[in-house]
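Architecture and fold: a report
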Amino acid sequence: MSRILITGATSGLGLASARKLAELGHDVVLHGRNEARLAEVLEELTRAGHAVSGEVADLADLDQVEALAERVAAGGLDVLMNNAGGYQPRRKSTVQGHEWSFGVNYLAPVLLTRRLIPTLQEADAGRVIMVASRTHKEGRLDLKNIKRTEGRYHGYGAYADSKLAGLLFTRELAERLGGGPPAVHAVEPGIVSTGFGQDEPGFFQRLYNVGRFIMRSPEKGARGQIELADGPARLGQSGSYWVDGKVKTPSKRARDPKMAANLWAYTCAVLGLDLWVD
Ligand SMILES: NC(=O)c1ccc[n+]([C@@H]2O[C@H](COP(=O)([O-])OP(=O)(O)OC[C@H]3O[C@@H](n4cnc5c(N)ncnc54)[C@H](OP(=O)(O)O)[C@@H]3O)[C@@H](O)[C@H]2O)c1
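What you see is a predicted model, and the numbers here were worked out from it, not measured in a lab. (Residues numbered from 1 in each chain as written. Predicted model: local features only at pLDDT ≥ 70, side-chain atom pairs only at ≥ 80, totals over all residues.)

**Focus: the overall build of the protein chain**
- For the protein chain, the count of helices and strands is 9 helices and 8 strands.
- A globule of 278 residues ought to have a C-alpha radius of gyration of about 19 Å, and the protein chain, at 17 Å, matches this closely.
- Oriented by its inertia axes, the alpha-carbon framework of the protein chain measures out at about 50 × 45 × 35 Å.
- Within the protein chain, buried positions represent 49% of all 278 residues.
- Within the protein chain, contacts between residues at least 6 apart in sequence are counted, and of these 76% link residues at least 24 apart. (Helix = DSSP H or I, 4+ residues; strand = E, 2+ residues; numbered from the N terminus. Rg over C-alpha atoms; globule rule 2.2 N^0.38 Å. Buried ≥ 20, exposed ≤ 12 C-beta atoms within 10 Å, placed from the backbone. Contact = placed C-beta atoms within 7 Å.)

**Let's talk about unusual backbone geometry**
- Cis geometry is adopted by the peptide bond preceding P181, which originates at G180 and carries an omega value of 0 degrees.
- Mapped onto the elements of the fold, P181 is located in the loop between α5 (155-176) and β6 (183-188).
- Put simply, P181 and P182 share a cis peptide bond, and its omega is -5 degrees.
- For R234, which is not glycine, the phi dihedral falls at a positive 55 degrees.

**Some remarks on the environment of A22**
- Inspection of the secondary structure assignment puts A22 in helix α1 (residues 12-23).
- For the pair A22 and E99, spaced 77 residues apart in the sequence, the C-alpha separation amounts to 34 Å.
- If we skip the residues at most four places from it in the chain, A22 touches V28, L45, H50 and V52.

**Quick word on the packing of α1 against helix α8 (residues 223-230)**
- Two elements in contact, α1 and α8, have axes separated by 9 Å at closest approach and are oriented at 40 degrees. By the criterion of interaxial angle, the relationship of α1 to α8 is oblique. In terms of crossing hand, the pair formed by α1 and α8 is right-handed. Side by side, α1 and α8 meet where L13, S17, K20 and L21 of the first sit next to Q225, I226, A229 and D230 of the second.
- Of the residues contributing to the contact of α1 with α8, the split by class is 4 nonpolar, 2 polar and 2 charged. (Axes fitted to C-alpha atoms, helices over the stretch in contact; angles between N-to-C directions. Parallel < 35°, antiparallel > 145°, perpendicular 65-115°, else oblique. Left-handed = near helix turned anticlockwise from the far one by under 90°. Nonpolar A, V, L, I, M, F, W, Y, C, P; charged D, E, K, R; others polar.)

Right under this line is the structure:
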């Protein structure tokens, strides 16, 4: 059985994944930013007889990401599921001054992954799972204005950029790791009825109000990420983009090697990581 860290396990796809993977007998480490909510979820799973533990960290603060990685690495890790994510309808920055979506949805999981790679390499079948989104197709990723200080702020555009960055990272990291281990996979859950973007009025709240009856349940949406965590590592398919159990081709921009190289250089510079996987 594997030790699995799931970020954003307090609701939606992360919670559905935690419930199922704990039920399958895995040692699940649930991450959340809200301590009270995390405690409720841990109590539910512990009462059901599952071996679970919890970690609190706000991914909008890279110092908290560093500390989270250190605590998790101490216990060993087989699977890192970078699931947490969010959307901001209004301009907002992370503690270190990055645009919020780019910081939380991209820089935080990249840093967490980097710090946990040595631990994942010690595992028998280590893997990294990045929860992706079809909105990456609308991402542009203008690195010159990635903090979105110029022009009008569009929350949807910022979210799409962060998801495009996640896919470029998935492919680039898989390549730099020479196919693994760890294997690196991106998985798209479909359009799922979760708490995503529901805190404030904005695009995702409007989408939910109109479409919630035809959206997937979190349990169905999470099947892909559960399967990638529970099944074989699929080393030969590292770097893939999974949709409904099949490998799909992401957008042209998500496959653009120049864009991937520029993003990698920018990421290393802002995170202070020097050519961190040769
Ligand atoms: N729902 C969809 O249709 C859909 C489609 C494609 C991709 N996705 C992706 O699926 C992933 C999970 O989203 P979901 O739909 O399950 O949404 P959700 O129900 O809102 O869950 C998001 C999780 O991320 C956590 N999170 C958000 N910001 C955080 C931060 N700054 N620090 C730490 N944790 C933070 C949330 O914590 P709190 O409980 O404290 O808010 C929550 O646990 C995201 O990466 C999203 O982009 C979702």
